[in-house]
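The lines below spell out each chain.
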Amino acid sequence: MQNTEEVRSALSDRIQALSESQTIAMAKKARELAAQGFDVINLSFGEPDFQTPQYIKDAAKKAIDDGFTFYTPVPGYPELRQEIVNKFKRDNNLDYKPENIVVSTGAKQSIANAVMCLVNPGDEVIIFSPYWVSYEEIVKLAEGVSVPVMGSLENDFKVTAAQLEQAITSNTKLVMYSSPSNPTGAVWDEDELRAIAKVLEKHPQVYVIADEIYEYINFEGKHFSLACVDSIKDRVVTVNGLSKGYAMTGWRVGYMAANKEIAAACDKLQSQVTSGTCSISQKAAAAALQGGKESALEMAEAYRRRRNLVLDSMNEIEGFKTYLPAGAFYIFPDVSDYFGKSYEGKTIENSEDLSMFLLADAHVATVGGEAFGAPQCIRFSFATSDEKLTEALRRIKSSLAKLQ
C-alpha cells in the first residue's frame, strides 16, 4: 500500500498548484459546525435563498414526461440557444446567432472554456480586483499569468480605464471582470465601460471576458454590456447564466456569447470534457428565459431591501469601512482596523483570522478577502432572510466588541 507522500507525489503540478475555493471551504466549515448542534448563520455562500420560480420547475417536469432524457448537442439545444439570442437582443441590444452561443454546466465552466481556448502558457491576464475566487485559479490551469489590478474603495472598488491602460503590456492576452461584481457589488456604468473600450481599441491582441451573471441584481437600473461597443464586440466573450437571476444554482446552466471562432473552440473543448449539459436543466432554462425577468426583478427588490438593512447595521460598527454596493448580493467592507487586536490570547492578523473568529465566536460564516485579491476585506452575503441578517449583525457586533 502506498504511503501518503507517494500518493501526493503522483499528483500533477497543475492540481497541486490549484487552491480550493475559499467560498466552498467556508461553507463546508459552517456545515460542520452546524452538524455539531450550533446555530450557524451562513453569510459565506453566493447562493440565492429563493426557490426556483414554479413555472420553471413545471417546465422541467414536463421535459421529463416528454422524454428529454438523452444526450444533448454539446453547445446546447437549438431552441435554448435561440432563447439566449433573443435574451441578448431584448435585454442587452446585442445581435448574435445561435452559432455564437455555447451552453455549459454553469457560468464557471463557460469562463473556464473561454480561458482555456484563449490563453497560452505565459500569457498575461488582467483581472479586475477584487475578483471572484475562481478567476485566478482558472488562469493557473491555463498556465497564464494573472495580473490583478485593484480598484479603490473610494471608487467602489471599480478599476478605471487609466488603470487598465497602465497594466496592459505586449504580453497581455485577456482582461476579466464581473459587473455587477462578486465580491463587491460594483457596477460599471456605460460611460466607464466605453472608456475601457477606448483603451482596448488600441490593443487589438487583447480579449475580454465580461462576466454578467449578476446582471438582473442591479440596484442602479440599466445594465450595460461591454460587447455593445461595436469596435471591440468580436473580442468580448460575454458570460451569463441562470443561477443568480432565476435562483437556479443547482440546475447548473451557464452560457457564453462570442465570435464564431471562439464559440466553436469552446464547443470543441467542451465536447472532450463534459459534452452537453443536463437535458432537463436546459428545458427549464429555455422556459426561464421565455418567461422574461419579472421574477428576477422581484428577487432583486428583496436584495435591495436586505442590502439597506445590512448597511444600516454595518455602518454602526466602528472600524468597518463600507460603501454602497450597486448590485449583486454582497458587501465587502475593509476590516483592517481590527488587525492586531486580540481576544483570549488569539490575535487577529488578517481577514482570514477575523472570518474564523466570527465563525467560532458569533457562529456567523463569512469569507476572508485574501481569496478575492483584497486581504484587508471580508465578504458578507446578504442572500438570506431579514431575520437571519438582523441576528447575524447583532452577533457580529457583540463578538467584535470583545476584540481589544
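See the structure shown above.
How each quantity is defined
Residues numbered from 1 in each chain as written. Predicted model: local features only at pLDDT ≥ 70, side-chain atom pairs only at ≥ 80, totals over all residues. Heavy atoms only, no water. Helix = DSSP H or I, 4+ residues; strand = E, 2+ residues; numbered from the N terminus. Rg over C-alpha atoms; globule rule 2.2 N^0.38 Å. Buried < 20%, exposed > 50% of the residue type's maximum accessible area, 1.4 Å probe, protein only. Contact = heavy atoms within 4.5 Å. Areas by Shrake-Rupley, 256 points an atom, 1.4 Å probe, with all protein chains shown as cover. Axes fitted to C-alpha atoms, helices over the stretch in contact; angles between N-to-C directions. Parallel < 35°, antiparallel > 145°, perpendicular 65-115°, else oblique. Left-handed = near helix turned anticlockwise from the far one by under 90°. Nonpolar A, V, L, I, M, F, W, Y, C, P; charged D, E, K, R; others polar. Expected span 1.5 Å × (residues − 1). Arc of directions from axis to C-beta. Polar contact = N/O pair within 3.5 Å; in protein donor to acceptor, adjacent residues only side chain to side chain. Pairing = 2+ DSSP bridges. Salt bridge = Lys/Arg side-chain N within 4 Å of Asp/Glu carboxyl O.

Asker: Any chance you could explain the overall build of the protein chain here in plain terms?
Answerer: On a plain count of helices and strands, the protein chain comes out with 14 helices and 14 strands. A compact globule built from 404 residues should have a C-alpha radius of gyration of about 22 Å, and the protein chain, at 21 Å, falls within 12% of that. With respect to the three principal axes, the spread of C-alpha positions in the protein chain is 60 × 60 × 55 Å. For the protein chain, with 404 residues in total, the buried portion stands at 56%. Sequence separation of 24 or more characterises 73% of the internal contacts of the protein chain that already satisfy a separation of 6 or more. When the accessible surface of the protein chain is totalled, it reaches about 17,500 Å², and 50% of it is carbon and sulfur.

Asker: I would appreciate a short explanation of the packing of helix α5 (residues 78-92) against helix α11 (residues 279-290) in the present structure.
Answerer: When two helices pack together, their arrangement is given by the angle between the helix axes and by the axis-to-axis distance. For the pair α5 and α11, the least separation of the axes is 9 Å and the interaxial angle reads 30°. Taken together, the axis directions place α5 and α11 in an arrangement best described as roughly parallel. In this structure, the crossing between α5 and α11 has a hand that is left-handed. Facing Glu 79, Leu 80, Glu 83, Ile 84, Lys 87 and Arg 90 of α5, the residues of α11 in contact are Gln 282, Lys 283, Ala 285, Ala 286, Leu 289 and Gln 290. For the contact of α5 with α11, the residue count by class is five nonpolar, two polar and five charged.

Asker: So what exactly am I meant to see when it comes to helix α10 (residues 260-273) here?
Answerer: Since the α-helix packs 3.6 residues into each turn, any two residues three or four apart lie on the same face. Helix length check: α10, at 14 residues, gives a terminal C-alpha distance of 20 Å against a target of 20 Å (1.5 Å per residue), a fit within 8%. Along α10, the residues that are buried comprise Ile 262, Ala 263, Cys 266 and Gln 270. Across the axial projection of α10, the buried residues extend over an arc of 95°, all falling on one side. Exposed residues lying more than 90 degrees from the buried face of α10 are Lys 260, Glu 261, Lys 268 and Gln 272. Contacts made by the buried residues of α10 are with β2 (101-104), α6 (107-118), β6 (207-211), β7 (236-241) and β8 (254-257). At the N-terminal boundary of α10, the capping side chain belongs to Asn 259, with an oxygen 3.0 Å from the backbone nitrogen of Glu 261. Trailing α10 by a residue or two, Ser 275 shows a phi angle of about 65°, which is positive.

Asker: Looking at this model, I keep getting lost on unusual backbone geometry. Mind explaining?
Answerer: Note: most peptide bonds trans; most residues except glycine with negative phi. Across the junction of Ser 129 and Pro 130, the peptide omega takes the value 5°, indicating a cis bond. Within the secondary structure, Pro 130 is located in the loop between β3 (124-129) and α7 (133-141). In this model, Ser 179 is joined to Pro 180 through a cis peptide bond whose omega is -10°. On the secondary structure map, Pro 180 appears in the loop between β5 (172-178) and α9 (190-201). Within the chain, Asp 156 stands out as a residue other than glycine whose phi angle is a positive 55°. Among the secondary structure elements, Asp 156 is positioned in the loop between β4 (145-150) and α8 (161-167). On the basis of relative accessible area, Asp 156 is assigned to the partly exposed category, the value being 29%.

Asker: Explain the sheet that holds strand β9 (residues 330-331) here, please?
Answerer: Working definition: the strands of a sheet are paired by backbone hydrogen bonds and lie parallel or antiparallel to each other. What the three strands build is an open sheet, ordered β9-β14-β13; its pairing is antiparallel. Each end of this open sheet is capped by a strand with a single partner; those strands are β9 and β13 (367-368). Alignment of β9 against strand β14 (residues 378-381), held across two bridges, turns out to be antiparallel. Paired with Ile 331 across the bridge in β14 is Phe 380.

Asker: Whenever I open this one, the pairing of β7 confuses me. Can you help?
Answerer: Within a regular strand, side chains alternate between the sheet's two faces. Of all six residues in β7, six are buried, a share of seventy percent or more. In β7, alternate side chains face the same way, and those of Val 236, Thr 238 and Asn 240 on one face and Val 237, Val 239 and Gly 241 on the other are all buried. Judged from the four bridges that link them, β6 and β7 form a sheet pairing that is parallel. Its bridge partner being in β7, Asp 211 is matched across the sheet by Val 239. Direction of pairing for β7 relative to β8: antiparallel, over a ladder of four bridges. If you follow Thr 238 over to β8, its bridge partner there is Ala 257.

Asker: Looking at this structure, how should I read α7?
Answerer: Those residues of α7 that sit buried are Val 133, Ser 134, Tyr 135, Glu 137, Ile 138 and Val 139. Glu 143, located one to two residues past α7, shows a positive phi value of around 65°.

Asker: In this structure, what is going on with the sheet that holds β8? I would like to understand it.
Answerer: Taken in spatial order, the seven strands of this open sheet run β2-β8-β7-β6-β5-β3-β4, and their pairing is mixed. Taken across any chain shown, the strands that pair with only one partner, and hence form the sheet edges, are β2 and β4. Each strand axis lies, on average, 20° off the axis of its neighbour in the sheet, ignoring direction.

Asker: Is there a simple way to think about the pattern of salt bridges in this case?
Answerer: Should the charged atoms of two oppositely charged side chains come close, the side chains can pair. Here the structure, examined in full by the defined rule, presents 22 salt bridges. The salt bridge involving Lys 87 is made with Asp 91; its shortest N-O contact spans 3.9 Å. Of the two residues, Lys 87 and Asp 91 are both situated in helix α5; the distance of four residues between them amounts to about one turn of the helix. Exposure class is identical for Lys 87 and Asp 91. Each is buried. Lys 89 is paired through a salt bridge with Asp 95; the nearest N and O atoms lie 3.1 Å apart.

Asker: Where do I start with the packing of helix α3 (residues 22-35) against helix α13 (residues 351-362) in this structure?
Answerer: Contact geometry for α3 and α13: axes closest at 11 Å, N-to-C directions at 25°. Here α3 lies roughly parallel to α13, going by the angle between them. Classified by chirality, the crossing of α13 by α3 is right-handed. For the pair formed by α3 and α13, the contact residues are Gln 22, Met 26, Lys 29, Ala 30 and Leu 33 on the first element and Glu 352, Ser 355, Met 356 and Leu 359 on the second. Looking at the contact of α3 with α13 residue by residue, the class counts come to five nonpolar, two polar and two charged.

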